Structure formats: C-alpha cells, structure tokens
Amino acid sequence: MITLKNNKIKNKKAVSLIVSYVLLIVITLIIAGAVAAWLNFRANIPDQEQCPDGISLVLRDYSCNNTINEIELQVKNKGRFNINGFYLMATNNIDLPPTTSLPRSDLSDPIPGRYDFGTLATPTPLPPEQTESASFIYRQTQPLKKIQIQPFIIKDEKVTLCENIAQITLDDSKGCN
C-alpha cells in the first residue's frame, strides 16, 4: 500500500513537471510573438522612392586642366526622363572605389560633389538627349584616377538617388594627374 501511494505521488510530480514545461514554452512563444509584432510595427520602413526605369546619364567626354586642378565633364541624358542632377565622387587610387566628393569649380553649390542642372537660383532638369558641361576642382584627389557619377531626380522636394552608377577610370593622356 505504501509503495502504491509513493508511485501515485511520483506520477503526480512527473505530470506537474511536464505541465510546467509546456506552460513555460507557451508563455515564451506568446512573448516572442508579441515582441515580433511590436518590432514589425516599430520598424515599418516606408517604401523608398525610386528612379523610374530608363534613367541614364552618360559621360560623353572630359578634360582636365592641371594648372587650376579642374576637370570638366560633358554629360548627356540618354534616358527617357528628365534628370535633376548628379553626384560626383573621385579617387586617386585606381584600386579603390571613389569616395571623395569634389566641389564645383564655381563653388556655387553648398553640397560638395553635387551638380544640379541649370542654375542654383533656377534649377532646370536635363531633358532626354540633352548635354551639359559641369566643372569640378580636384585638388584633394591629385592625381585623379577614377570618378563615379550617380544621377538623381527631385520629386516632391525629395532627392532620390538613382541606382545606375557609372564608374570611369580616367585616361592618363587627358592630363588629370
């Protein structure tokens, strides 16, 4: 009789232990679900504006003036949409990606490396098949070895960088060193 009571007590303890583990797992899953829902709500990042397909800005030609450390770019809109401007980055190391923003030669743009088509007072987007010249100073990246051009559009007063980035290795014969 005593052994039968001991077995019943042991069985109750075993069931109690299993129930406690099941409750612990259920509570953990509920908390994990609540945290995941909260994080999804908090980190809900709105879709970023993107450039339309068909944006294409090409470097037609460039020339360097070593006496004043200036590079002049001839860019053409080869796409189907207007382009508001571009960012120019440069490097003096052919093996590294361009990371230095070059200032405009007229120093009119407050953001180094940014070129808005038209003038600062009246920016005018570059329409398709049109060409424009842009000049930049490259003192801090002498000799100039590689440049990167990234077009952007402005929509609802927000600048949207386009994904098509052109990296150009400069020819030594053009005198950018």
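What comes next is a walk through the structure. (Residues numbered from 1 in each chain as written. Predicted model: local features only at pLDDT ≥ 70, side-chain atom pairs only at ≥ 80, totals over all residues. Heavy atoms only, no water.)

## Regarding the overall build of the protein
- Summing up its helical and strand segments, the protein has one helix and nine strands in all.
- Listed by position from the N terminus, the elements making up the protein come as α-β-β-β-β-β-β-β-β-β.
- Among the 177 residues that make up the protein, the fraction classed as buried is 28%.
- Restricting the contact set of the protein to residue pairs at least 6 apart, pairs at least 24 apart contribute 67%.
- Counting every atom, the protein has about 11,800 Å² of accessible surface; 57% of that belongs to carbon and sulfur. (Helix = DSSP H or I, 4+ residues; strand = E, 2+ residues; numbered from the N terminus. Buried < 20%, exposed > 50% of the residue type's maximum accessible area, 1.4 Å probe, protein only. Contact = heavy atoms within 4.5 Å. Areas by Shrake-Rupley, 256 points an atom, 1.4 Å probe, with all protein chains shown as cover.)

## Some details on the sheet that holds strand β2 (residues 70-77)
- Spatially, β1-β2-β6 is the arrangement adopted by the three strands of the open sheet, whose pairing is antiparallel. What marks the edges here is a single partner per strand, and that holds for β1 (57-65) and β6 (131-137). Across the sheet, the mean angle from the axis of one strand to that of its neighbour is 20°, orientation sign disregarded.
- Relative to β6, β2 runs antiparallel, the two sharing seven bridges. Looking across to β6, one finds that V75 is bridged to E132. (Pairing = 2+ DSSP bridges. Axes fitted to C-alpha atoms, helices over the stretch in contact; angles between N-to-C directions.)

## Points about the state of the cysteines
- A complete count under the given rule lists one disulfide for this structure.
- Put simply, C51 and C162 are joined by a disulfide, and their sulfur atoms are 1.9 Å apart. With the S-S dihedral at roughly -75°, the linkage between C51 and C162 falls on the left-handed side. Here C51 is found in the loop between α1 (2-42) and β1, whereas its partner C162 is found in the loop between β8 (158-161) and β9 (166-169), with 111 residues between them in sequence. With respect to class, C51 is no different from C162; both count as buried. (Disulfide = S-S within 2.5 Å.)

## Quick word on the pattern of salt bridges
- Under the defined criterion, the tally for this structure stands at three salt bridges.
- Notably, a salt bridge pairs E129 with K76, separated by 3.4 Å at the nearest N-O pair. Linking E129 in the loop between β5 (114-116) and β6 with K76 in strand β2, this pair joins segments that are 53 residues apart in sequence.
- Given a relative accessible area of 14%, K76 falls into the buried group.
- One salt bridge in this structure joins R104 and D106, with 3.4 Å as the shortest N-O distance.
- Here R104 falls in the buried class, since its relative accessible area comes to 8%. (Salt bridge = Lys/Arg side-chain N within 4 Å of Asp/Glu carboxyl O.)

## What about the side chain of T160?
- Checked against the element boundaries, T160 lands in strand β8.
- Excluding anything up to four places from it in sequence, T160 contacts E49, Q50, C51, P151, F152 and I153.

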